[in-house]
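# Commentary on secondary and tertiary structure
Spelled out, the chains give:
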Amino acid sequence: MKFKKEILLLLISSSIAITFSVALGEIYVWFKNKSNWATNGARHDRELGWSLTPNNTFETHGRISTINSLGFRSPEIDSSRKHVIIVGDSVAFGLGLGDRETLSHYLANQLKEFQVLNFSVPGYSVDQYYLTLKKHINKTNPALIVVVIFTGNDIQETRKDNLFGIGKPWFEIKGSSMKVINNSLPKYSCTNLLSRSWTIGVLGLKNLAGKICKNNEYDGINAILQMEKILLKIDKLVSSKNASLLFILSPTIYDYYQEGFNNWNCSSAENPVDCSTARKNMQKLLLTKVKNIRENPTKDSFKIADGMQAFRDMSLLIKNILKKLRLPHVDMVTLNTKLRRDVINDYNGADPFHLSSTGNLHLTEVTIASVKINGEQISLEHDRLNSLITVQ
């Protein structure tokens, strides 16, 4: 009888100890990561899912990002000036780069008559681009808004109400209209608690949130319709401010590899021979890079991944949506292929998604070439740059 009591006491004390340890682990990890909500340097935001912590600096790969009082990688807004606003995700933000290596910094150097503001936040998708603009645009005097769409995942992330389990806004289509159904995102929601749980991470059950919590997402035609409606909302918002709007499609490096295959149809191109040559050159360039990686592997080399075709498919889908909606845009894959540009240096070392300082300089040149400045007004230069901007 005494032995059974000892066993029972041991089990009870062990259970208490384990429960206490798990609870301490959860509390420690939760507070340790409170400034890394969905991305480094971010905090929970009931309206947008997350936002960058105001008046903060944080480091990524040894490079410093400086955040202003509104939670953006920008100077404080000067309401006496006209503005050029950049909005996007980590690509437009300049993740992994210093403050003086970003698209917004280089544009500010070129457009000294305007204050350039960077409203981009790592991890955001197109719905959050729109909601960010809607929330802050009245604080500005916009002349030009540049929306940098990362074609690698923007459709995938926009169609869901979470980013790797972290809750975000989600637009529901209701007939001909659309509205945000989760316009108040609780910090301690089911999906946030489970996706940020230390215990679940240790047990390798990161997909548990998607199975237990009631998440929303669109597939197929509904995802396309949702994207179309959000893009039109951005266009309407920008038009209401009498500003110009330019979309830039920023691809993965894998898009160029796919573009290089000689079985792509160049027959409808203006110059089929030049098109075919350019694509073969691009393929040869990237295949040479892959060969060098295999012979001399380094941490600064990107890897050719399985399923690369999916990246190009998403790029073409977004491009076709913008064409259908007649929204002005520059497709960097089409442009760089025409230019026969060595895009390897446009990417940040081993990262096949984010641009280097060289890539941002090139993006700056493309943006400047796409517009015409007349005093405090900026318009799109359709005639001179028909090869860059597509409006059909």
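As the structure is a prediction and not an experimental result, all values here were calculated from the model.

Rules behind the numbers
Residues numbered from 1 in each chain as written. Predicted model: local features only at pLDDT ≥ 70, side-chain atom pairs only at ≥ 80, totals over all residues. Heavy atoms only, no water. Helix = DSSP H or I, 4+ residues; strand = E, 2+ residues; numbered from the N terminus. Buried < 20%, exposed > 50% of the residue type's maximum accessible area, 1.4 Å probe, protein only. Polar contact = N/O pair within 3.5 Å; in protein donor to acceptor, adjacent residues only side chain to side chain. Contact = heavy atoms within 4.5 Å. Pairing = 2+ DSSP bridges. 1 Å grid on protein atoms, 1.4 Å probe; cavity = no way out; pocket = protein on both sides within 12 Å on 5 of 7 lines; lining within 4 Å. Points joined across faces, edges and corners; volume = space filled by probe spheres on them. Nonpolar A, V, L, I, M, F, W, Y, C, P; charged D, E, K, R; others polar. Phe/Tyr/Trp six-rings, centres within 6.5 Å; stacked < 30°, edge-to-face > 60°. Axes fitted to C-alpha atoms, helices over the stretch in contact; angles between N-to-C directions. Parallel < 35°, antiparallel > 145°, perpendicular 65-115°, else oblique. Left-handed = near helix turned anticlockwise from the far one by under 90°.

### Some points on the side chain of S65
- As for its placement among the helices and strands, S65 is situated in strand β4 (residues 63-67).
- The class of S65 is buried, set by a relative accessible area of 2%.
- For S65, the side chain forms a polar contact with the side chain of R73, separated by 3.3 Å.
- Those residues within four positions of S65 in sequence are excluded, and the remaining contacts are N56, T57, F58, R73, F93, L97 and D99.

### Here we look at the pairing of strand β7 (residues 142-150)
- Burial analysis of β7 places nine of its nine residues in the buried class, which makes it a mostly covered element.
- Relative to β7, strand β5 (residues 83-87) runs parallel, the two being bridged by five bridges. Residue H83 lies in a different strand from β7, and its bridge partner there is P142.

### Concerning the side chain of T151
- Here T151 is to be found in the loop between β7 and α5 (154-158).
- Among all residues touching T151, those that are not within four sequence positions of it are L249, S250, P251, T252, D255, M314, S315 and I318.

### Side note on empty space enclosed by the protein
- Enumeration according to the criterion identifies one cavity of 30 Å³ or more in this entry.
- Volume-wise, the largest cavity comes out at about 70 Å³.
- Surrounding the largest cavity, S250, P251, Y256, M332, N336, D346, Y347, L355, G359, H362 and L363 form its lining.
- Taken together, the elements giving at least two residues each to the lining of the largest cavity come down to α13 (332-339) and α14 (357-369).
- No other element matches the three residues that α14 contributes to the lining of the largest cavity.
- Its residues assigned to classes, the lining of the largest cavity comprises six nonpolar, four polar and one charged.

### Observations regarding unusual backbone geometry
- Backbone geometry at H61 places phi at a positive 55°, although glycine is not the residue there.
- The phi dihedral of R326 is positive, around 60°, even though this residue is not glycine.
- Along the chain, the position of R326 falls in the loop between α12 (308-324) and β13 (329-331).

### With respect to the packing of aromatic side chains
- Considering all chains together, one arrives at seven aromatic pairs under this definition.
- Pairing F72 with F119 gives two aromatic rings, centres 4.4 Å apart and planes at 25°, and the pair type is stacked. Taken together, the positions of F72 in the loop between β4 and β5 and F119 in the loop between β6 (115-118) and α4 (126-136) put the pair 47 residues apart, joining distant regions of the chain.
- Its relative accessible area of 1% is what places F119 among the buried residues.
- For the ring pair F150 and F353, a centre distance of 5.8 Å and an interplane angle of 65° mean the geometry is edge-to-face. On the criterion of sequence distance, the pair formed by F150 in strand β7 and F353 in the loop between α13 and α14 is long-range, its members being 203 residues apart.
- Since its relative accessible area comes to 5%, F150 is described here as buried.
- Overall, F353 belongs to the partly exposed group, its relative accessible area being 27%.
- Taken together, the ring pairs in this structure connect F150, Y254 and F353 into an aromatic cluster.

### What to know about the packing of α4 against helix α9 (residues 220-240)
- Between α4 and α9, the least distance of the axes is 9 Å, while the angle of their chain directions is 25°. When the axis of α4 is compared with that of α9, the two are roughly parallel. At the point where α4 passes α9, the crossing takes the left-handed sense. Residues V126, D127, Y130, L133 and K134 of α4 form the contact with α9, whose own contacting residues are M227, I230, L231, K233, I234 and L237.
- Its residues assigned to classes, the contact of α4 with α9 shows eight nonpolar, no polar and three charged.

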